[in-house]
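Inside the fold
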Amino acid sequence: MTNLISLGVILTDRGSKYAVTGARVQSRADVDAVLAELKRDKAYAKATHNTWAAVLPQGALKADDGESGAGIVILRMMERAELKDHVIIVTRWYGGKKLGGDRFRRVQDAVRAYFEDQGIAAS
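Before going into details, it helps to say that this report is about the structure given with it. Keep in mind the model is a prediction, meaning the values are calculated, not measured.

This part is about the overall build of the protein chain. The helix and strand tally for the protein chain stands at four helices and five strands. The secondary structure elements of the protein chain, listed N-terminal to C-terminal, are β-β-α-α-β-β-α-β-α. Taking 123 residues into account, the globule formula puts the C-alpha radius of gyration at 14 Å, and the protein chain, at 13 Å, falls close to it. Structurally, the protein chain occupies a C-alpha span of about 40 × 35 × 25 Å along its principal axes. Pairs at least 24 residues apart make up 65% of the contacts formed inside the protein chain by residues separated by at least 6 positions. Summed over its atoms, the accessible surface of the protein chain is roughly 6300 Å², and 47% of this surface lies on carbon and sulfur atoms.

Right under this line is the structure:
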């Protein structure tokens, strides 16, 4: 169905674990299918947050999934890298300690790891 690219857990910070996943998409329906496929894995379905952003032919979409402000971080990075027709999902399993502003840095780290894995130049 989709070509889901999952790097799994790529970093931890004060007990919180972060994973990054992405896929090529053309529509909101494709984004929903990718999210559904990801959440078939119970670990991802039970994650605290599955924050995502997508740049589609129809425009940009994002969702914070309770991690306020994280979707725009992903979206801005995708726009700067001129990555289109793609969704990137950053998953967080909360580790019990608040990270404050560092949570945005961890989201950026996850997106950068995805870019590196896919050979995408990040600016």
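Moving on, there is more to tell.
Relative to the assigned elements, R106 resides in helix α4 (residues 102-118). At a separation of 2.9 Å, a polar atom in the side chain of R106 contacts the side chain of D13. Discounting residues that sit within four places of it in the chain, R106 has contacts with L11, D13, Y18 and L99.

Note on aromatic pairs: each is described by the distance of the centres and the angle between the planes. What the rule picks out here adds up to one aromatic pair. Considering the side-chain rings of Y44 and W93, the 5.2 Å spacing of their centres and the 65° angle between planes classify their relative orientation as edge-to-face. Here W93 lies in strand β5 (residues 86-93) and Y44 lies in helix α2 (residues 42-45), a separation of 49 residues in the sequence. Classification of Y44 by relative accessible area gives buried; the value is 8%. For W93, a relative accessible area of 18% corresponds to the buried category.

If you check the backbone angles, R14 has positive phi at about 50° while not being a glycine. Relative to the elements of secondary structure, R14 occurs in the loop between β1 (5-13) and β2 (16-24). The phi dihedral of D65 is positive, around 50°, even though this residue is not glycine. Looking at where D65 falls in the secondary structure, it is placed in the loop between β4 (59-63) and α3 (70-80).

Calculation notes
- Residues numbered from 1 in each chain as written.
- Predicted model: local features only at pLDDT ≥ 70, side-chain atom pairs only at ≥ 80, totals over all residues.
- Heavy atoms only, no water.
- Helix = DSSP H or I, 4+ residues; strand = E, 2+ residues; numbered from the N terminus.
- Rg over C-alpha atoms; globule rule 2.2 N^0.38 Å.
- Contact = heavy atoms within 4.5 Å.
- Areas by Shrake-Rupley, 256 points an atom, 1.4 Å probe, with all protein chains shown as cover.
- Polar contact = N/O pair within 3.5 Å; in protein donor to acceptor, adjacent residues only side chain to side chain.
- Phe/Tyr/Trp six-rings, centres within 6.5 Å; stacked < 30°, edge-to-face > 60°.
- Buried < 20%, exposed > 50% of the residue type's maximum accessible area, 1.4 Å probe, protein only.

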